[in-house]
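An overview of the molecular structure
Residue-level listing of the chains:
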Amino acid sequence: MGIELDIRPIKDWLPQLNNPLLISGPCSLETEEQTLETAKQLAKDPRVFIYRGGVWKPRTRPGSFEGVGSVGLKWLQTVKKETGLPVGTEVANAQHTEEALKAGLDVLWIGARSTASPFVVQEIADVVKGTDAVVMVKNPVNPDVQLWMGALERLNQAGIKNLVGIHRGFTPFRETKYRNYPNWKTFIELRRLMPNLPVICDPSHIAGKREYLYEVSQKAFDMGMEGLMLESHRDPSCALSDKDQQVTPAELFAILDKLVIRYSSSPNKQFENQLELLRSRIDALDAELMEVLASRVEIVKQIGQYKKENNVTALQINRWTELMNKRIDTGEKMNLNKTFVQILFQLIHEDSVRMQTEIMDQE
Ligand code: PEP
Ligand code: MN
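The rules we used
- Residues numbered from 1 in each chain as written.
- Chains lettered and ligands numbered in written order.
- Predicted model: local features only at pLDDT ≥ 70, side-chain atom pairs only at ≥ 80, totals over all residues.
- Heavy atoms only, no water.
- Buried < 20%, exposed > 50% of the residue type's maximum accessible area, 1.4 Å probe, protein only.
- Helix = DSSP H or I, 4+ residues; strand = E, 2+ residues; numbered from the N terminus.
- Donors = N, O, S within 2.8 Å, 3.2 Å for Na, K, Ca; no water.
- Pairing = 2+ DSSP bridges.
- Right-handed = clockwise from strand over helix to strand, strands pointing away.
- Contact = heavy atoms within 4.5 Å.
- Salt bridge = Lys/Arg side-chain N within 4 Å of Asp/Glu carboxyl O.

**What to know about helix α10 (residues 213-222)**
Along α10, the positions that sit buried rather than exposed are Leu213, Val216, Ser217, Gln218, Ala220 and Phe221. Looking at the residues trailing α10, positive phi occurs at Gly224, about 85°.

Here is the structure:
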C-alpha cells in the first residue's frame, strides 16, 4: 500500500526552481579556496540550484580523507554569501545536524550508510524536529525500499515536510560496470509506494567514473526523476575523495547541454492522442494475453488430473528443459529478449507445477 507523505513540493522551498533540481559541488570540501572557486564557477550557470560539499566524510575504510569537519560549514556560509547559492552538506549524527542547522545550511542530506541505520536516522530526526529544515535521504547501501521509506517516515513524523529522496545506487556483490548498482526497480517501487515524494538521482555515486555520468543522468530523466546531484571539483585530478567520478564545472555544463529533460506529460495534443491510441492497443493485447494464460491454466489442470490418475509426478524435468529451450529458440526468432523469455516461462512453469501438486494433494 502506498503512503501519502505530508510534504511540500520542491518549488515551495526553492521558488527559483524553473528546471530539474540540480545540486552540484565537490565530494569533499578540501580548502576554502577550492570550495569558493568551484562554487563561483558553478554559480555562473543558472541550471545549478544548490551547492553541495561534504564536510564530514563517511569513508568505508579508515585512513582515507575524512573531511575538514566543522570549519567547512564556515566556508559554505561564505559560498552562500558570495554566490547566492543555497548550500548543503551530509549529516551523519546529532552533533553534525545541530552544527549544520546552527550554521544556517539550507539543505542537509543523510548518506547511504546512515540511512541503513534506523538509530542514526532517528537521532537526526530528533534534532531537526520542529524546524523547517530541508532534508534529503539517500537510499541505504542495500536495495531495501522499506529501510529507505522508514527513514523518510521518521523525518516526516518529526514534522519535516521539505523532503527529497536521492537514488545513489546499491553496493554490488560482484564486479560491475558501475561503482554502485542502480537497480532502478527500487526507485520505481519507492515512487509507487510514496508517489508524492520528489526523488533525484546521484549519478556520481552510481557511475563511479566520469565517463558514465551522462548515460546515468539521462536514464534518471527517462525514468521521470525530478533532478540530479552531480559532484564537481575545480580540479578533479587532485580531489581528496571520489576523484574518478568528479568533473570540472565546465564539463558538468557540457553534460547538461546534452541531456534531454523529460516530463510526465506533454502539452502537445497530438502526442497525447497518439499515446492514448497506442495504450488502448496495449490494453487490448494484454487482455488477449490474459485469455491465453487462462486457457493454458485449464490445460495444465487437465494434465495434472491425468498425472494424478496415473501416479506420475507433477515435475517432469526433461519436458521442462525441452520446453524452455524451444521457447527461447522461438523467442529469439521473434526478437524477444532471451532473459525475458527465460524468466517469463520460469514463472509460468513454476505456477503450473504449483497447480498440479495442489491437484495431486487433494483428497
Ligand atoms: C557523498 O555524497 O559524497 C556520499 C558520501 O554519498 P553516499 O552517502 O551516497 O555514499
Ligand atoms: Mn562522493
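Having seen the structure, we can now continue with the description.
**Here's the deal with the coordination of the manganese ion (ligand 2)**
All of the protein donors around the manganese ion (ligand 2) are Cys27 (SG), His205 (NE2), Glu231 (OE) and Asp242 (OD); their distances to the metal are 2.0 to 2.4 Å. Mapped onto the polypeptide sequence, the residues donating to the manganese ion (ligand 2) form the spacing pattern C-x177-H-x25-E-x10-D. With His205 in helix α9 (residues 203-207) and Glu231 in strand β8 (residues 227-231), this residue pair connects regions lying 26 residues apart in the sequence. Like His205, the residue Glu231 is buried in the burial classification.

**A look at the pairing of strand β6 (residues 162-167)**
Most of β6 sits out of view: 6 of its 6 residues are buried. Here β6 shows a buried face lined by Asn162, Val164 and Ile166 and a second buried face lined by Leu163, Gly165 and His167. In the sheet, strand β5 (residues 134-138) pairs with β6 via 5 bridges, with the strands oriented parallel. Residue Val135 lies in a different strand from β6, and its bridge partner there is Leu163. The parallel pair β5 and β6, bridged by helix α7 (residues 145-157), forms a crossover whose chirality is right-handed. Judged from the 3 bridges that link them, β6 and strand β7 (residues 199-201) form a sheet pairing that is parallel.

**Considering the environment of Tyr214**
If you trace the backbone, Tyr214 turns up in helix α10. Take Tyr214: its relative accessible area is 29%, and that puts it in the partly exposed class. Along the primary structure Tyr214 and Pro236 are separated by 22 residues, whereas in three dimensions their C-alpha atoms are 17 Å apart. Excluding residues that lie within four positions of it along the chain, Tyr214 makes contacts with Ile255, Lys258 and Leu259.

**Here's the deal with the pattern of salt bridges**
This model, assessed by the stated rule, comprises 18 salt bridges. The salt bridge involving Lys161 is made with Asp6; its shortest N-O contact spans 3.4 Å. Highlighted residues: Lys161 in the loop between α7 and β6 and Asp6 in the segment before α1 (10-13), separated in sequence by 155 residues. Note on Asp6: relative accessible area 47%, which makes it partly exposed. Between Asp351 and Arg354 there is a salt bridge; the shortest N-O distance is 2.8 Å. With a gap of 3 residues between them, Asp351 and Arg354 both fall in helix α14 (residues 338-361), about one helical turn apart. The exposure class assigned to Asp351 is partly exposed, which follows from its relative accessible area of 31%. Assessed through its relative accessible area of 38%, Arg354 is described here as partly exposed. Shared partners join several salt bridges into a network, and the residues in it are Asp45, Arg47 and Asp257.

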